[in-house]
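What follows is each chain in one-letter form.
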Amino acid sequence: MKRDKTICSHAEEYLKLIEGELPLSPEEKFCLTHPARVYIFTIPIRMDSGEMRRFNAYRVQYNDALGPTKGGIRFHPDIDLEEVSTLAFLMGLKTSLSDLPFGGAKGGVEVEPKTLSKGELERLSRGFVRGLYPNLGPQKDIPAPDVYTTPQIMAWMRDEFERISGASAPAVITGKPLALGGSRGRDVATAKGGIYILEHLCSLRREKWLQEMTVVVQGFGNAGLNAAEILSEKGCKIIAVSDSSGGLFQKEGLPIHVLVEAKKSGTALTDISHGSLRDAKKISNEALLELPCDVLVLAALGGQITMQNASHIEARIILELANAPIIAEADTLLFNKGVFVIPDILANAGGVIVSYFEWAQNLEGISWDEKEVFSKLQKQTTAVADSIYLEGKNLRTCAYIKAIRRILEAEKLRGRL
Ligand code: NAD
């Protein structure tokens with residue numbers, strides 16, 4: 001049989017989770033498992049040494065039935081088209097679930113950004129926009145930051161887009177620095193939104209108070225570091241955290257403010273030395289995932305919990321701030337084991353919700369204060385959680401069903417199904 005080269009096989013796997021609960025016609029299934037547009041290109045960069053190098057780059061605009069596509073750009077050495085496509089599929093579900101007027105997209109460049117100088121990083125970022133122009137735009141496709149891409153990178157990308165188009169277009173990209181049209185609160189939005197949802201769902205489930213909980217955080221970047229900081233301020237005991245260098249474990253709780261300060265000044269977690277870390281032990285990322293705790297926050301990369309380690313997980317609640325950190329099969333195993341998983345398309349939607357606020361403020365030429373942003377974010381995230389939470393049901397399945405119904409309805413209304 002001829003192989004379907006354009007199918008997103010992970011989307012197919014994820015859709016199996018709702019089989020039986022939401023029957024899909026073959027045409028609907030085709031629409032959901034195939035991206036609308038895929039761009040594969042290379043970015044030639046003059047390195048500081050004078051040598052020319054080319055980097056593989058991808059952008060997948062998965063589904064645009066609900067509006068212009070929206071999704072981050074990742075700079076990572078392991079990125080490939082399959083992963084970008086899966087992340088774009090999930091992004092489409094996320095914007096749909098949160099009732100945003102956007103479709104889903106994702107981009108990636110195959111690069112180890114830590115090896116680039118600032119100038120090389122700028123040339124690569126500008127090259128990404130040149131490679132995609134004219135397929136980006138405030139009413140077409142709006143990128144944002146993701147793993148190893150920063151507000152500074154968004155600033156260079158906005159500038160490159162405007163240099164080519166010859167017109168100001170702040171809404172072409174979100175996650176920008178404040179001075180270039182960024183939204184207040186965007187830097188902490190993913191973590192903040194995730195914690196609003198965690199608190200809200202814990203109260204619906206009549207869980208103990210958040211401040212009585214023990215927490216483990218995998219990943220100590222934008223999502224993980226801010227989540228650890230907010231949870232620590234709320235009084236939770238953060239017993240372990242990790243970054244790509246490895247993890248730290250301290251049974252009595254880690255001094256999060258010390259770790260945040262050191263990490264922000266560029267020190268890897270496992271290189272931090274401080275008196276308050278006397279009893280801290282180094283721990284592998286694998287062992288960290290299996291620690292007994294109330295809440296495990298996954299805030300690094302995808303594919304962290306698989307059929308190999310799912311049965312060893314001892315957390316009661318998992319908050320998926322990362323995208324796709326649990327593979328589809330393992331999700332069912334965890335549910336049957338009684339672990340309450342708050343799925344990525346709900347848990348980390350705070351990022352894209354405040355990105356939507358940023359886009360809307362840019363289009364209107366206005367700027368909201370932080371209080372207004374956070375109050376709107378809390379209202380929207382808790383309303384979305386309320387719209388899908390059903391006691392005893394798998395929350396991922398409920399989230400998928402709502403998101404998919406909205407996309408399919410829009411496809412039908414457009415006459416494309
Ligand atoms: P980031 O680049 O700021 O941080 C990533 C962190 O993960 C770093 O601390 C890195 O050291 C760590 N890491 C990398 N490999 C690791 C490993 N094997 N084990 C443990 N830690 C590891 O990225 P981010 O923006 O915080 O994104 C993290 C996750 O959250 C990604 O899956 C991303 O798609 C998702 N996400 C982010 C946002 C956002 O607004 N930043 C929004 C939605 C989803």
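What comes next concerns the included structure. Just so you know, the residues in each chain are numbered from 1, in the order the chain's sequence is written. Only residues with pLDDT of at least 70 get local features here, since the model is predicted, and only at 80 or more are side-chain atom pairs given and counted; chain-wide, interface and lining totals rely on the full set of residues. Derived side-chain values reflect all non-hydrogen atoms in the structure, with water molecules and hydrogen atoms excluded from consideration.

## Re the overall build of the protein
At step 1: Runs of H or I in DSSP of at least four residues are treated as helices and runs of E of at least two as strands, each being numbered from the N terminus. The number of helices and strands found in the protein is 14 helices and 12 strands.
At step 2: Judged by the C-alpha coordinates and their principal axes, the protein covers about 55 × 55 × 50 Å.
At step 3: By the convention used here, residues are in contact when the closest approach between their heavy atoms is within 4.5 Å. If you take every contact in the protein between residues at least 6 apart in sequence, the share linking residues at least 24 apart comes to 69%.
At step 4: Working definition of accessibility: Shrake-Rupley area with a 1.4 Å probe, residue cover restricted to the visible protein chains. Here the protein has roughly 17700 Å² of accessible surface; of this, 51% comes from carbon and sulfur atoms.
At step 5: Between the averaged position of the 50 positive side-chain charges in the protein and that of its 52 negative side-chain charges there is a distance of 3 Å. Neither His nor the chain termini are counted; the positive set is Lys and Arg, and the negative set is Asp and Glu. By convention, the charge on Lys lies at NZ, on Arg at CZ, on Asp at CG and on Glu at CD.

## Digging into helix α12 (residues 349-364)
At step 1: Given a helix with a known number of residues, its expected span is that number minus one, times 1.5 Å. With 16 residues, α12 ought to run about 22 Å at 1.5 Å a step, and its terminal C-alpha atoms sit 23 Å apart, in line with that.
At step 2: The cut-offs for exposure are 20% and 50% of the maximum accessible area for each residue type, with area from a 1.4 Å probe on protein chains only; residues under the lower value are buried, those over the upper are exposed, and the others partly exposed. Counted residue by residue, α12 has 13 buried out of 16 residues, so it is predominantly covered.
At step 3: Note on α12: the residue one or two positions beyond its end, G365, has a positive phi of about 70 degrees.

## Remarks on the packing of aromatic side chains
The way to describe two aromatic rings as a pair is by their centre distance and the angle between their planes.
At step 1: Ring pairs shown here join Phe, Tyr and Trp side chains whose ring centres sit within 6.5 Å, with only the six-membered ring taken for Trp; geometry is labelled stacked below 30 degrees between planes, edge-to-face above 60, and tilted in between. Applying the stated rule across the entire model yields 10 aromatic pairs.
At step 2: Plain terms: the ring middles of F41 and F128 are 5.5 Å apart, the flat faces sit at 55 degrees to each other, and that makes the pair tilted. Of the two residues, F41 is situated in strand β1 (residues 37-46) and F128 in helix α4 (residues 118-132); the sequence distance between them amounts to 87 residues.
At step 3: Between Y356 and W359 the ring centres are 6.2 Å apart and the planes differ by 35 degrees, which places this aromatic pair in the tilted class. Taken as a pair, Y356 and W359 lie in helix α12 at a separation of 3 residues, close to a single helical turn.
At step 4: In this analysis the charged atom, NZ for Lys or CZ for Arg, is taken to sit over a ring once it is within 6 Å of the ring centre and within 35 degrees of the ring normal. Sitting above the plane of the F374 ring, K192 keeps its charged end 4.6 Å from the centroid.
At step 5: Sitting above the plane of the W368 ring, K376 keeps its charged end 4.3 Å from the centroid.

## Details of the site of the ligand
At step 1: If a single non-hydrogen atom of a residue is within 4 Å of a molecule or strand, that residue counts as near it. Not every one of the 23 residues close to the ligand is listed here, only the nearest: D146, T190, N222, A223 and N323.
At step 2: Under the rule applied, a polar contact is a pair of N or O atoms within 3.5 Å (in protein, one hydrogen donor and one hydrogen acceptor; residues adjacent in sequence only if both atoms are side-chain atoms). Between S244 and the ligand, the recorded distance is 2.9 Å, taken from a backbone N or O atom to an oxygen atom.
At step 3: Here the ligand loses 88% of its free accessible area of 830 Å² to cover by the protein chains.
At step 4: Every element with two or more residues in the shell around the ligand is listed here: α7 (222-233) and β7 (237-243).
At step 5: Each residue belonging to the shell around the ligand can be placed in one class, and the counts come to 9 nonpolar, 10 polar and 4 charged.
At step 6: All domain edges in this entry derive from an automatic or database-based domain assignment. Among the domains, domain 1 (36-180) and domain 2 (189-349 + 391-396) are the pair contributing at least three residues each to the shell around the ligand. The nonpolar class holds Ala, Val, Leu, Ile, Met, Phe, Trp, Tyr, Cys and Pro. Asp, Glu, Lys and Arg form the charged class, and all remaining residues, Gly among them, are polar.

## Describing the sheet that holds β7
At step 1: If you trace the 7 strands from one edge of the open sheet to the other, you get β9-β8-β7-β6-β10-β11-β12, paired in mixed fashion. The sheet is open, and its two borders are formed by β9 (281-283) and β12 (340-342), each paired with just one other strand. Pairs of neighbouring strands in the sheet enclose a mean axial angle of 20 degrees, with direction left out of account.
At step 2: Bridge analysis of β7 against strand β8 (residues 246-249) gives 4 bridges, and the strand direction is antiparallel. Looking at the pairing, V241 lines up with L248 of β8. One bridge is not enough; two strands pair if DSSP finds at least two bridges between them. Geometry is summarised by axes, namely lines fitted to C-alpha atoms with helices restricted to the contacting stretch, and by angles between N-to-C directions that run from 0 to 180 degrees.

## Focus: the packing of helix α6 (residues 189-204) against α7
At step 1: Relative orientation of the contacting elements α6 and α7 amounts to 50 degrees, with a least axis distance of 8 Å. Relative to α7, the element α6 lies oblique. Between α6 and α7 lies a crossing of right-handed hand. Listed contacts from α7 to T190, A191, K192, I195 and L198 of α6 are A223, N226, A227, I230 and L231. Any angle that falls under 35 degrees is termed roughly parallel, while one over 145 is termed roughly antiparallel, one within 65 to 115 roughly perpendicular, and all others oblique. In this scheme the handedness of a crossing depends on how the near helix is turned from the far one: anticlockwise by less than a right angle means left-handed, clockwise means right-handed.

## Re the pattern of salt bridges
At step 1: Salt bridge, as applied in this entry: a Lys or Arg side-chain nitrogen positioned within 4 Å of an Asp or Glu carboxyl oxygen. If you walk through the whole model with that rule in mind, you get 31 salt bridges.
At step 2: Of the charged contacts in the structure, one is a salt bridge between R416 and D64, with a shortest N-O distance of 3.0 Å. You can see R416 sitting in the segment after α14 (395-413) and its partner D64 sitting in the loop between β2 (52-63) and β3 (69-75), a full 352 residues away along the chain.
At step 3: Here R416 falls in the partly exposed class, since its relative accessible area comes to 42%.
At step 4: Between R316 and D294 there is a salt bridge whose closest N-O contact spans 3.1 Å. Of this pair, R316 sits in strand β11 (residues 315-320) while D294 sits in strand β10 (residues 293-298), placing them 22 residues apart in sequence.
At step 5: Assessed through its relative accessible area of 33%, R316 is described here as partly exposed.

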